[in-house]
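As a plain string of letters, each chain reads:
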Amino acid sequence: MPQGDRVTDIEGGYAAARLRLLHEEAQAGPRLRAELARLTDGWLGGLLGRTRGVALVAVGGYGRGELSPRSDLDVLLLHDGTADASATAALADRVWYPVWDMGLDLDHSVRTPAEARKTAASDLKVHLGLLDARHLAGDPALTAALRTTAYEDWRAQAPGRLPELREMCEDRARRQGELRFLLEPDLKEARGGLRDATALRAVAASWLADAPREGLEEARNLLLDARDALHLATGRASDRLTLQEQHQVATALGLPDADALLRRVYEAARTVSYAADVTWREVGRVLRARSGRARLRRILGGRGGRGGFVEPERIPLAEGVVEQEGEAVLARTARPERDPVLPLRAAAAAAQAGLPLSPHAARRLAAAGPLPVPWPAEARQQLVTLLGAGEPAVAVWEALEAEGVVARLLPEWEHVRCRPQRNPVHRWTVDRHLVETAVQASALARRVDRPDLLLVAALLHDIGKGRPGDHSEAGEALARAVAARLGFGAADTDVLGTLVRHHLLLAETATRRDLDDPATVRTVTDAVSTAGTLELLHALTEADARATGPAAWNPWRASLVDGLVRRAAAALAGAPLADRRERGAPTAEQERRAAEALGAGGPVVTLAEEPVGVEVLMAVPDRPGVLPAAAGVLALHRLTVRAAELRTVRGVLLLDWRVAAEYGSLPEAARLRNDLVRSLDGSLDVAARLAEREAAYANRRRPAPAPPRVTVAPGGSHAATVLEVRAQDAPGLLHRMGRALDAAGVRVRSAYVSTLGASVVDAFYVTGAEGRALPAEEAAALAAGMQETLGGARWGGTGPAPSDTAPRSVVASPSPIALNGHGGTPIAQSEGDAPPCDPPPATAGRCPQHQTPQDPHRPGPIGHPPGG
């Protein structure tokens, strides 16, 4: 038979078989791709025929045996260079032209092994394709030698080529976006798509690092299946899943609708994205370690360390959690199965330190036992601390989600996980939007008295999406159930339910109604009956809008919402203050402690076990410097302060601290007393010790928190000036506050300190030397100076800084602060003083960021953060 007739027969047989496979015997999944590749292998091999010194090689996706219906045929004609160039060209034409005649896309090349190697050295994409080289026809020895050389070169050049590959992936992500958040995603090019999955295979081939295997192959197959169905639906080599094709693709994959398809695609992309994050982090760690070992060998002139091995430094972050090589990992003594709070504690510590949670640690945390219901106070504290960490919380939350930890902690989360939002204004899926709202809320925490309620409301405000009926109404019921399970009291649960139910109220009312109509204001005040809740709703509205997308929040919308809030706050100002608690007379125990301190002529310190943590009571004859000295001593001993109160009884300052030892055992009361005495007489320089410790950690990276805010609470007390301090918790913060007040020459009559997650909301009742409230100008100057000392922009007075959109009138009327929001004991103040904030729960520790048992008077080792 003439050669041309034989080629025609081969071509006709392939075309008919291909048609049957794709349209008459269509089989979704890996089997379809493998059958199509096998069929094409036979056709191309027949076109090549019998040859010497030549091999036909499939590369790229075709080389992996994964041929989608409209995929390019990536083929290399490899020859040994002995044949005449015209003969080689004629042989190539014999293969290429029938492919073109079939209307198939062809990516082809003709090279010798040396040429292929040289091209791969200069072109990363070519080298990646050769890693998947597969023999089709001709001389198998040529193909085998090519594969061997490609892998040897890849492994030898990996330290240089992997950073190049990473930059290629990041550039593609910048151009194409994140697949799991796009309404019309590119299944191949977007981040988390097929290109990234291929890159992970290349990293594994380098032997330097490997991707997490759990679920990765299933995710890749799902993306390939969706692309196959898209090719069959459109008849084109398209990778973009457009809106008009989504329903047809969903049907082809046996899914009920386009939303179900997107959710499956998003879940797959999330798996690939997470694997990529983990893998590239590991690549960076390995390359840094190799570079470091090389430098060490040069310095020491040998292998360095014990057999060349240097033990990685492990820096404590929290109980059971340490930092190692740029990740948060579990301590060797950590036992997740015995410590149900450990997942939240580890996540909070990682996020607050700005570190990723290692995948191995996340996997171990999945084995933690269930939390009791309601949650213990520490678990609630750690959740709020995690949410308050800002942007670093996102990656940590993703790590917990990847291992199923989030769904175990919050079963309601499963319903919103990877749920698409068809509104183009939204840039995220529902679950990511909730986390992003918490990130935005963390930046607004200084505007509210209850940052813990703001952060939890941000996490839950859209939890009802995807359920029947109005998502706000469905979400309210879910939020109330979650709040009760988390251990919030009835009053706080009501506030959270109100915030979720009405999270759209301010934005919708402000943009659709006449703000000067009293009925408009009543719409808000009927739904939100207290100033504190209005304050929270205002912050939640802004956080929600900012997390939605750039089109959802602008100066015009912000001004309308601000105007509505001002009017509603004014209307609420006439309402009676809820739950105002006045300070009672000193207790018998307080009188006794004061008498002991007077009799001893110096400090008296006692410790008492509490259900959560320890109560440290200090009674000290009143004198300047007591507050910073006491706070500094606690910081030196690395004690976490969760709440505190200060009051004066018969010339004695009583300081009641609720603390916890993050590491080791508590110091003895006698040791605390001795150090307090030394601090007061000047023989122990607390400030210098803390400064030394701070310097030891100066090079540690930390997320930049929102700036602190210090304001004067109008009407907070008739006998004293009330300073409200809202700031990011930090080691030694109370000590710095006390020093600032002492330096200003004011007297602290009473104080209340509360730590809510990573935020502090503190109130100080101060007077001048004559014992009266400060004049308005002096009070404003004091607030401004203290704010500047703590690191914020210079601003003081009875309202927000000019750049702050929160109207101060929302919180102008003080209400009491209790030790906890679940019916706990009210915080004591000097007689006649009413605390200026709503009752917060003792939901979080003032946490030093990390601790090992050691002499409290010595700075921690390099890299260990200071105590707080």
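No experiment lies behind these values; they were computed from the predicted model shown.

Undergrad: How should the packing of aromatic side chains be read in this particular structure?
TA: One pair of aromatic rings is described through two measures. These are the centre distance and the angle between the planes. Under the definition given, this model contains four aromatic pairs. Relative to W100, the ring of Y97 lies with its centre 5.1 Å away and its plane at 85°, an arrangement referred to as edge-to-face. Placement of both Y97 and W100 in helix α4 (residues 85–101) is noted, with a separation of three residues, approximately one turn of the helix. Residue class for Y97 comes out partly exposed when judged on its relative accessible area of 44%. Its relative accessible area of 35% is what places W100 among the partly exposed residues. With a centroid separation of 5.2 Å and an interplanar angle of 65°, the aromatic rings of W397 and W413 are classed as edge-to-face. On the criterion of sequence distance, the pair formed by W397 in helix α15 (residues 392–402) and W413 in helix α17 (residues 413–416) is long-range, its members being 16 residues apart.

Undergrad: Any chance you could explain the layout of surface pockets here in plain terms?
TA: Gaps left between atoms are located by rolling a probe of water-molecule size over the structure's atoms. Of the volumes computed, that of the largest pocket is approximately 1,100 Å³. Together, 42 residues line the largest pocket, and G60, G61, D74, K188 and R195 are the ones closest to its centre. In terms of residue count, the dominant contributor to the lining of the largest pocket is helix α7 (residues 140–176) (six residues).

Undergrad: Whenever I open this one, the pattern of salt bridges confuses me. Can you help?
TA: Between side chains of opposite charge, a pair can form when the charged atoms approach closely. Under the criterion given, the structure shown has 61 salt bridges. Between E476 and R480 there is a salt bridge, with its nearest N and O atoms 3.3 Å apart. In this pair, E476 and R480 both sit in helix α20 (residues 471–486), four residues apart, roughly one turn of the helix. Residue classification places R480 among the partly exposed positions, given a relative accessible area of 27%. Each of E178, R180, R191, R270, D277, E398, E401, D431, R432 and E436 takes part in a single network of salt bridges with overlapping partners.

Undergrad: Could you clarify how one ought to interpret the confidence of the model for the protein in this entry?
TA: The predicted coordinates ought not to be read in detail in places where the model reports low pLDDT. Summing up the model confidence of the protein, the mean pLDDT is 83 and the portion of residues at 70 or higher is 84%. Residue range residues 576–582 is modelled with pLDDT below 50. Its contacts to residues more than four positions away, or to other chains, number 16 contacts.

Undergrad: Any chance you could explain the pairing of strand β3 (residues 106–111) here in plain terms?
TA: Taken residue by residue, a regular strand's side chains alternate between the two faces of the sheet. Sheet topology places strand β2 (residues 73–79) next to β3; six bridges connect them, and they run parallel. From the neighbouring strand, D74 faces β3, where its bridge partner is D107. Read as a crossover between parallel neighbours, the route from β2 over α4 to β3 is right-handed.

Undergrad: Can you walk me through the nonpolar core in this structure?
TA: The nonpolar side chains of a soluble globular protein tend to be buried with one another. Core analysis: the biggest nonpolar cluster contains 94 residues, and L357, W397, W413 and L534 have the highest contact counts within it. Examining the composition of this core, we find that nine residues originate from one element, helix α12 (residues 342–353), more than from any other. Counting residues in each nonpolar core, the second largest holds 48 residues, with A269, A276, V283 and V286 among its members.

Undergrad: Would you take a moment to explain the packing of helix α5 (residues 113–122) against α7 for this structure?
TA: Between two packed helices, the angle of one axis relative to the other and the distance separating the axes together describe the packing. Interaxial distance between α5 and α7 falls to 11 Å at its minimum, and their mutual angle equals 25°. When the interaxial angle is binned, α5 and α7 end up roughly parallel. Like other packed secondary-structure pairs, α5 and α7 cross with a definite hand, here right-handed. Where α5 abuts α7, its residues P113, A116, R117, A120, A121 and S122 lie against L142, L146, T149, D153 and R161. Along the lines of polarity and charge, the residues of the contact of α5 with α7 split into six nonpolar, two polar and three charged.

Undergrad: Explanation requested: the sheet that holds strand β15 (residues 759–767) in the structure shown.
TA: Read across the open sheet, the eight strands follow the order β8-β9-β11-β10-β14-β15-β13-β12; overall the sheet is antiparallel. The sheet is open, and its two borders are formed by β8 (604–609) and β12 (709–712), each paired with just one other strand. On average, adjacent strands in this sheet sit at an angle of 20° to one another, irrespective of strand direction. Note: strand β10 (residues 639–649) against strand β11 (residues 652–661), ten bridges, orientation antiparallel.

Undergrad: Help me out: how do you make sense of the sheet that holds strand β7 (residues 327–330) in this one?
TA: With respect to topology, three strands assemble into an open sheet ordered β5-β6-β7, the strand pairing being antiparallel. If you trace the sheet from one side to the other, it starts and ends with β5 (314–318) and β7, each paired once. Shown here is a sheet whose adjacent strand axes are inclined to one another by a mean of 40°, direction ignored. Relative to strand β6 (residues 321–324), β5 runs antiparallel, the two being bridged by four bridges. Residue pairing across strands places A318 opposite V321, the latter belonging to β6.

Undergrad: How do you make sense of helix α23 (residues 518–527) when you look at a structure like this?
TA: One full turn of an α-helix is made of 3.6 residues, so residues set three or four places apart face in the same direction. Within α23 the residues assigned to the buried category are T520, V521, V524 and T525. Each buried residue of α23 sits inside an arc of 130° when the element is viewed along its axis, so together they form one side. Exposed side chains of α23 directed beyond 90 degrees from the buried face belong to P518 and D526. The elements touched by buried residues of α23 are α22 (505–512), α24 (531–548) and α25 (555–573). Residue D517 occupies the N-cap position of α23, its side-chain oxygen lying 2.9 Å from the main-chain nitrogen of A519.

What counts and what doesn't
Residues numbered from 1 in each chain as written. Predicted model: local features only at pLDDT ≥ 70, side-chain atom pairs only at ≥ 80, totals over all residues. Heavy atoms only, no water. Phe/Tyr/Trp six-rings, centres within 6.5 Å; stacked < 30°, edge-to-face > 60°. Helix = DSSP H or I, 4+ residues; strand = E, 2+ residues; numbered from the N terminus. Buried < 20%, exposed > 50% of the residue type's maximum accessible area, 1.4 Å probe, protein only. 1 Å grid on protein atoms, 1.4 Å probe; cavity = no way out; pocket = protein on both sides within 12 Å on 5 of 7 lines; lining within 4 Å. Points joined across faces, edges and corners; volume = space filled by probe spheres on them. Salt bridge = Lys/Arg side-chain N within 4 Å of Asp/Glu carboxyl O. pLDDT = per-residue confidence, 0-100. Contact = heavy atoms within 4.5 Å. Pairing = 2+ DSSP bridges. Right-handed = clockwise from strand over helix to strand, strands pointing away. Core = buried A, V, L, I, M, F, W, Y, C linked by side-chain atoms within 4.5 Å. Axes fitted to C-alpha atoms, helices over the stretch in contact; angles between N-to-C directions. Parallel < 35°, antiparallel > 145°, perpendicular 65-115°, else oblique. Left-handed = near helix turned anticlockwise from the far one by under 90°. Nonpolar A, V, L, I, M, F, W, Y, C, P; charged D, E, K, R; others polar. Arc of directions from axis to C-beta. Polar contact = N/O pair within 3.5 Å; in protein donor to acceptor, adjacent residues only side chain to side chain.

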